[in-house]
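This is what each chain is made of:
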Amino acid sequence: MSGAGAVAGEKGSSTTKTPADFLKSIRGRPVVVKLNSGVDYRGILACLDGYMNIAMEQTEEYVNGQLKNKYGDAFIRGNNVLYISTSKRTLAEGA
Amino acid sequence: MASEEESAVKEPLDLIRLSLDERIYVKLRSDRELRGKLHAYDQHLNMILGDVEEIVTTVEIDDETYEEIVRSTRRTVPFLFVRGDGVILVSPPLRTA
């Protein structure tokens, strides 16, 4: 049983061991941040802290899948965050 | 453009620090938005804003046509203390149009 846990841990990204390590490893990557309200933010993850406060660049706000707003820089308060997901999709070149 | 800022932004709150004395956009719970000059903030995102424009967005359903009516109510406030727990997003003023 204990062995199975270790295998599951190794399955992900080779450097990721804990959730905090994952968060450190995705700085500078394009991400999707979903909030508890269901709103999605897509952009480049600039940095984050232990509260899961997030600073993002070139942020696009999607409500019900529709682009509603764009922010050059955005600070998201950590308590609103449901998940952070890396996205391969490059940002839509709106500008 | 963003690269010169990156050096100064080591943690998310640095983004707020760099916005001191600038007009910022704040998205709050219950469909409220604020635009105002950031005078002070703390780690909870409690903030003192000056010359604030508050926009409250409400959605009503028309009784007869059942259409959604989106209403924006605006008001201005000279000074506002914002409690941090209502904050969802803070954005510095856009430097690019």
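Residues numbered from 1 in each chain as written. Chains lettered and ligands numbered in written order. Predicted model: local features only at pLDDT ≥ 70, side-chain atom pairs only at ≥ 80, totals over all residues. Heavy atoms only, no water.

### With respect to the overall build of chain A
A count of helices and strands for chain A gives two helices and five strands. Across chain A, helices and strands are ordered from the amino to the carboxyl terminus as α-α-β-β-β-β-β. The buried share among the 95 residues of chain A stands at 39%. Look at the contacts in chain A between residues 6 or more apart in sequence, and 42% of them connect residues 24 or more apart. Counting every atom, chain A has about 5,600 Å² of accessible surface; 55% of that belongs to carbon and sulfur. (Helix = DSSP H or I, 4+ residues; strand = E, 2+ residues; numbered from the N terminus. Buried < 20%, exposed > 50% of the residue type's maximum accessible area, 1.4 Å probe, protein only. Contact = heavy atoms within 4.5 Å. Areas by Shrake-Rupley, 256 points an atom, 1.4 Å probe, with all protein chains shown as cover.)

### A closer look at the nonpolar core
Grouped together as the largest cluster of nonpolar side chains are 20 residues, with contacts concentrated most on B:Val26, B:Met47 and B:Val90. Elements with a contribution of two residues or more to this core: helix H2 (12-17), strand E1 (23-28), strand E2 (32-41), strand E3 (47-61), strand E4 (68-82) and strand E5 (87-91) of chain B. Ranked by size, the runner-up nonpolar core spans 19 residues in total, among them A:Leu23, A:Leu35, A:Ala74 and B:Leu89. (Core = buried A, V, L, I, M, F, W, Y, C linked by side-chain atoms within 4.5 Å.)

### Thoughts on the interface of chain A and chain B
Quite often, the size of an interface is put as the accessible area lost when its parts meet. Across the contact, 21 residues belong to chain A and 25 residues belong to chain B. Contact with chain B buries area across many residues of chain A, yet A:Asp73, A:Phe75 and A:Arg77 alone supply 39% of it, more than any other trio. The interface formed by chain A and chain B contains one salt bridge. Salt-bridge contacts for A:Glu61 lead to B:Lys27; the nearest nitrogen and oxygen are separated by 3.6 Å. Only strand E2 (40-48), strand E3 (54-63) and strand E4 (66-76) of chain A provide two or more residues apiece to the side of chain A that touches chain B. Sort the elements by how many residues they give to the side of chain A that touches chain B and E4(A) lands first, with eight residues. (Buried area = accessible area lost by both parts, 1.4 Å probe. Salt bridge = Lys/Arg side-chain N within 4 Å of Asp/Glu carboxyl O.)

### Some details on the packing of aromatic side chains
Tallied over the entire structure, the rule returns one aromatic pair over all chains. We note A:Arg42 situated over the ring of A:Tyr62; from NZ or CZ to the ring centre the distance is 5.6 Å. (Phe/Tyr/Trp six-rings, centres within 6.5 Å; stacked < 30°, edge-to-face > 60°. Lys NZ or Arg CZ within 6 Å of the ring centre and 35° of its normal.)

### Topic: the pattern of salt bridges
Residue and element names in this part refer to chain B. The tally for this structure, following the rule as stated, stands at eight salt bridges over all chains. A salt bridge links Asp85 to Arg83; the nearest nitrogen and oxygen atoms lie 3.2 Å apart. Using a relative accessible area of 39% as the deciding quantity, one classes Asp85 as partly exposed. Relative accessible area serves as the criterion here: at 57%, Arg83 is assigned to the exposed category. When salt bridges with common partners are traced through the structure, they connect Arg32, Glu54 and Arg75 into a single cluster.

### Observations concerning the environment of A:Lys70
Residues and elements named next belong to chain A. Along the polypeptide, Lys70 turns up in strand E4. Note on Lys70: relative accessible area 38%, which makes it partly exposed. Taking the C-alpha atoms as reference points, Lys70 and Asp40, separated by 30 residues in sequence, lie 12 Å from one another.

### Focus: the sheet that holds E4(B)
Across the sheet, which stays open at both edges, the ten strands sit in the order E5(A)-E1(A)-E2(A)-E3(A)-E4(A)-E5(B)-E1(B)-E2(B)-E3(B)-E4(B) with antiparallel pairing between neighbours. Two strands lie at the open edges of the sheet, namely strand E5 (81-86) of chain A together with E4 of chain B, each paired on one side alone. Neighbouring strand axes in the sheet, compared pairwise and without regard to direction, differ in orientation by 35° on average. Both E3(B) and E4(B) contribute to a ladder of 14 bridges, which runs antiparallel. Pairing of B:Gly50 across the sheet is with B:Phe79, part of E4(B). (Pairing = 2+ DSSP bridges. Axes fitted to C-alpha atoms, helices over the stretch in contact; angles between N-to-C directions.)

None of the figures reported here should be taken as evidence of function without further support.
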